[in-house]
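Here is what each chain is made of, one letter per residue.
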Amino acid sequence: MPHSKVYYGADYNPDQWLDRPDILAQDIELMKKANISVVSLGIFAWATLEPEEGKYNLDWMAKIIDDLYAAGVRVNLATPSGARPAWMTRKYPEVLRVGANRVRNLFGERHNHCYTSPVYREKVKQMNQQLAARFGRHPGVIMWHLSNEYGGECHCELCQEAFRGWLREKYGTIEAVNKAWNSKFWSHDYPDFSYIESPAPHGENSVHGLKLDWKRFVSHQTIDFMKWERDCLREIVPESKVCANMMYFYDGIDYFDMAKEIDLATWDAYPTWHKPTETIEDTAIDTAFMHDLYYSVKGQPFWLMENCPGPTNWQPISKGKKPGMNIFAGLQTVAHGGDGVLYFQWRQSQGSSEKFHAAVVSHDCREDNRIYMECAELGSILKEIAPVAGAKREKQAAIVYDWSNKWALEDAQGPRNKGLSYKHELLRHHQGLTQNGIDVQIINQDSDLTGYKVVVAPMLYMLREDFCEKLRRFVQDGGVLVVTYWSGVVNETDLCYLGDTPHNLTDVLGVRRMEIDAMYDGETRRCVTESDELPQVAHGSILCEVAALEGAQPLMVYDEDYFSGAPVVTEHAFGKGKAYYIATRLERDFYKPLYRLICEDVVSSCWPTHLPEGVHASARGEYVFLQNMTEAYVWAENLELAPYCMAVYKREGDALVLVYNQPEFKWSPIK
Ligand code: GAL
């Protein structure tokens, strides 16, 4: 993939407009004017591509690809497996999904197929290979968009058998399964593999090890299906490059595993900008975490495959984006390592459930429509900052976010069943670091820690023995480790560790967990410190862990309840490094000063001076992006940033040279 530009584009569904050549011709003209360089083509076009079994109709697509190519627009060609034609489901009902209640779905909706079904796999193979043979070597086709937002699960008999086979492979014997799942509990011993069934509302829900393994299996099987799609293409065109669009904080697939099987990581972002209960900075921080995750899953630039240039239509309240917000969202992507900014979708559908979802071209078909104008403006900005494309990010801090941990943590039935909001814990650490201008990447328990200066393990409830060893060595060799409450509690099959916890880390942290108290919503415990560098008073919420000091220095302690005086934040020297422990969840604002303290002398900010409130800085290679996440004009150094605007600097020696200062996008309904 050439890295000469930041790719800019949208999902393009011309199959909805084949009877309107005027619309197709206008598409090309408007794409050129908006500097569109790529489209994801034909994601849901199977019924048009194969209207009858074995009768392929690809000529319309050939013309579209040629016309796009002539206009300088490249194609990210979709395999259409996300939705299938009606004839297929009538003839082969096994392609349809079966729910956890064991009822098979009817034809309808999309993403409604079984990942195991040999018939579905065969049909997908035939379709994908038709596309590959016809278009795989077209100079305009630069990438394959594998299906769409893989996800969901199927509980049919084929999937049950595949699950049992996966367990056999993993554990070898049924005795090992029973041991790993502690299935003596409630007499759940499985006499042999044939007794094992996926969780069901009218069946099993209490064997946590089984539920965890089911989630792992679903993730595995989905990725296996994706690999099947990829390999079908590569049988015809071996050099095919593939991507898949991942979803925000989606629970159902371990995206670290998925990313290994694709050439480019991409994700779909639908942030709730302008929500009255969030500031722009709040929404931007949430989005930044996700950008960092999708950069990290491959450790290389990603694409934002979908985002909406205006209001969506499926959120409880689908708010519009104020003038300039769409440009900010696009540039924020690039600032975090994005080399592609694409929309869902190019042109608004005329009917069905997405007819009011914004698109680059609206129903009015006008190029003086505000949304189109702003999209076109972003197109020209992305051209100007093209040299940043391809730039990688420096390893500074890493936050551990592990899918297995999330699955186990959320199913733990522990002190708070009302939800632990794992994401909010992660975001606090991310925000604390990034507000100090420190680069954050997201890692899991398979990751190599080499190169990072700071590793943060928030709520690492499920701590694998091998990862524990990695953390120990990391600190021993000079790294800084931060571990929070509710970490190191269970092993990888969700069995509680016996002995002191956090498991195998008590000597590294210099603390030992004694007990944990759960807080109701809104309930907090006062915490105090004498340190000048931290807020003097803070409040613990969600879970308050009570730990014994075993060598660590307390930096903050509880100041109320029966555990008053117990440590809240501690510091401990271990080997050549340091380990910090945080016993509860504190206010969001606490984490900026906390990480300033922790990171001092360890890692430096990409911005030379103190960042004003609401202004973030992030670096890509030699470029630094200064981002105003407020609705006001802000001065940073000698530059005034307009609301939601960014400036791009280039590092030259010790100096930062301004290379791009974004003008404010102004729009008024009054001419
Ligand atoms: C995505 C999906 C798109 C479109 C979009 C609407 O989840 O991949 O096809 O439906 O949502 O926001």
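Please read these numbers as outputs of a predicted model, since none were measured by experiment.

Peer 1: Mind showing me how you'd approach the domain arrangement of the protein chain here?
Peer 2: Where the parts come together, the accessible area they lose is often given as the size of the interface. With domains assigned, the protein chain is organised as domain 1 (397–599) and domain 2 (615–661). Using C-alpha coordinates to define each centre, domain 1 is positioned 32 Å away from domain 2.

Peer 1: Explanation requested: a negative patch on the surface in the structure shown.
Peer 2: Together, Asp-532, Glu-533, Glu-600 and Asp-601 line one region of the surface with negative charge. The exposure class of Asp-532 is exposed, given its relative accessible area of 74%.

Peer 1: I tried to follow the nonpolar core on my own but got confused; where do I start?
Peer 2: For soluble globular proteins, nonpolar side chains are generally found buried alongside one another. If you look at the biggest cluster of nonpolar residues, it comprises 187 residues, and the most contacted ones within it are Trp-346 and Val-455. Lining this core are residues from two domains, each supplying at least three of them: domain 1 (397–599) and domain 2 (615–661). Look past the residues within four positions of Val-455 in its chain and what remains in contact with it is Ala-398, Val-400, Ile-443, Leu-449, Leu-471, Phe-474, Val-480, Leu-481 and Val-482. Listed in part, the 16 residues of the second largest apolar core include Phe-163, Leu-167, Trp-181 and Tyr-190.

Peer 1: It is not clear to me how the site of the ligand should be interpreted in this structure. Could you clarify?
Peer 2: Around the ligand, the structure places Phe-44, Arg-110, Asn-148, Glu-149, Asp-268, Tyr-270, Glu-306, Trp-314, Phe-344, Glu-354 and His-357. The separation between an oxygen atom of the ligand and a polar side-chain atom of Asn-148 is 2.9 Å. Between Glu-149 and the ligand, the recorded distance is 2.5 Å, taken from a side-chain N or O atom to an oxygen atom. Summarising the interface, the protein chains cover 93% of the accessible area of the ligand, which totals 310 Å² for the free molecule.

Peer 1: Explain empty space enclosed by the protein here, please?
Peer 2: A water-sized probe rolled over the atoms picks out the places where empty space is left. In total, this model carries seven cavities of 30 Å³ or more according to the counting rule given. Size it by volume and the largest cavity reaches roughly 110 Å³. Forming the boundary of the largest cavity are 17 residues, of which Asp-292, His-336, Thr-434, Ala-617 and Ser-618 lie nearest the centre. If you list the elements that add at least two residues to the lining of the largest cavity, you get helix H10 (280–296), helix H14 (422–434) and strand E20 (615–620). When its residues are assigned to classes, the lining of the largest cavity shows eight nonpolar, six polar and three charged. Inspection of the lining of the largest cavity shows a minimum of three residues originating in each of domain 1 (397–599) and domain 2 (615–661). If you add up the space inside the second largest cavity, you get close to 70 Å³. Lining the second largest cavity are Glu-394, Gln-396, Gly-437, Ile-438, Asp-439, Ser-604, Ser-605, Cys-606, Ala-617, Ser-618, Ala-619 and Arg-651. Residues belonging to the lining of the second largest cavity are distributed by class as follows: four nonpolar, five polar and three charged. Per-domain counts for the lining of the second largest cavity show at least three residues from each of domain 1 (397–599) and domain 2 (615–661).

Peer 1: Which parts of the structure should I look at to understand the sheet that holds strand E2 (residues 38–41)?
Peer 2: Remark on secondary structure: sheet strands pair via backbone hydrogen bonds, oriented parallel or antiparallel. Judged by pairing direction, the barrel is parallel, and its eight strands sit side by side in the order E1-E2-E3-E4-E5-E6-E7-E8 before closing back on the first. Geometrically, the sheet is characterised by an average inter-axis angle of 30 degrees between neighbouring strands, direction not taken into account. Its contacts with the sheet place helix H3 (residues 59–70) against strand E1 (7–12), E2, strand E3 (74–78) and strand E4 (141–145), and it is angled at close to 150 degrees to E3. In the packing of helix H11 (residues 325–335) onto the sheet, the strands contacted are strand E7 (302–307) and strand E8 (338–343), and the crossing angle to E8 comes to about 150 degrees.

Reading guide: rules and limits
- Residues numbered from 1 in each chain as written.
- Predicted model: local features only at pLDDT ≥ 70, side-chain atom pairs only at ≥ 80, totals over all residues.
- Heavy atoms only, no water.
- Domains from an automatic or database assignment.
- Patch = residues over 30% accessible without salt bridge, like charges linked within 9 Å, V, L, I, M, F, W, Y side chains within 5 Å.
- Areas by Shrake-Rupley, 256 points an atom, 1.4 Å probe, with all protein chains shown as cover.
- Salt bridge = Lys/Arg side-chain N within 4 Å of Asp/Glu carboxyl O.
- Lys, Arg positive; Asp, Glu negative; His and termini not counted.
- Charge placed at Lys NZ, Arg CZ, Asp CG, Glu CD.
- Buried < 20%, exposed > 50% of the residue type's maximum accessible area, 1.4 Å probe, protein only.
- Core = buried A, V, L, I, M, F, W, Y, C linked by side-chain atoms within 4.5 Å.
- Contact = heavy atoms within 4.5 Å.
- Near = heavy atom within 4 Å.
- Polar contact = N/O pair within 3.5 Å; in protein donor to acceptor, adjacent residues only side chain to side chain.
- 1 Å grid on protein atoms, 1.4 Å probe; cavity = no way out; pocket = protein on both sides within 12 Å on 5 of 7 lines; lining within 4 Å.
- Points joined across faces, edges and corners; volume = space filled by probe spheres on them.
- Helix = DSSP H or I, 4+ residues; strand = E, 2+ residues; numbered from the N terminus.
- Nonpolar A, V, L, I, M, F, W, Y, C, P; charged D, E, K, R; others polar.
- Pairing = 2+ DSSP bridges.
- Axes fitted to C-alpha atoms, helices over the stretch in contact; angles between N-to-C directions.

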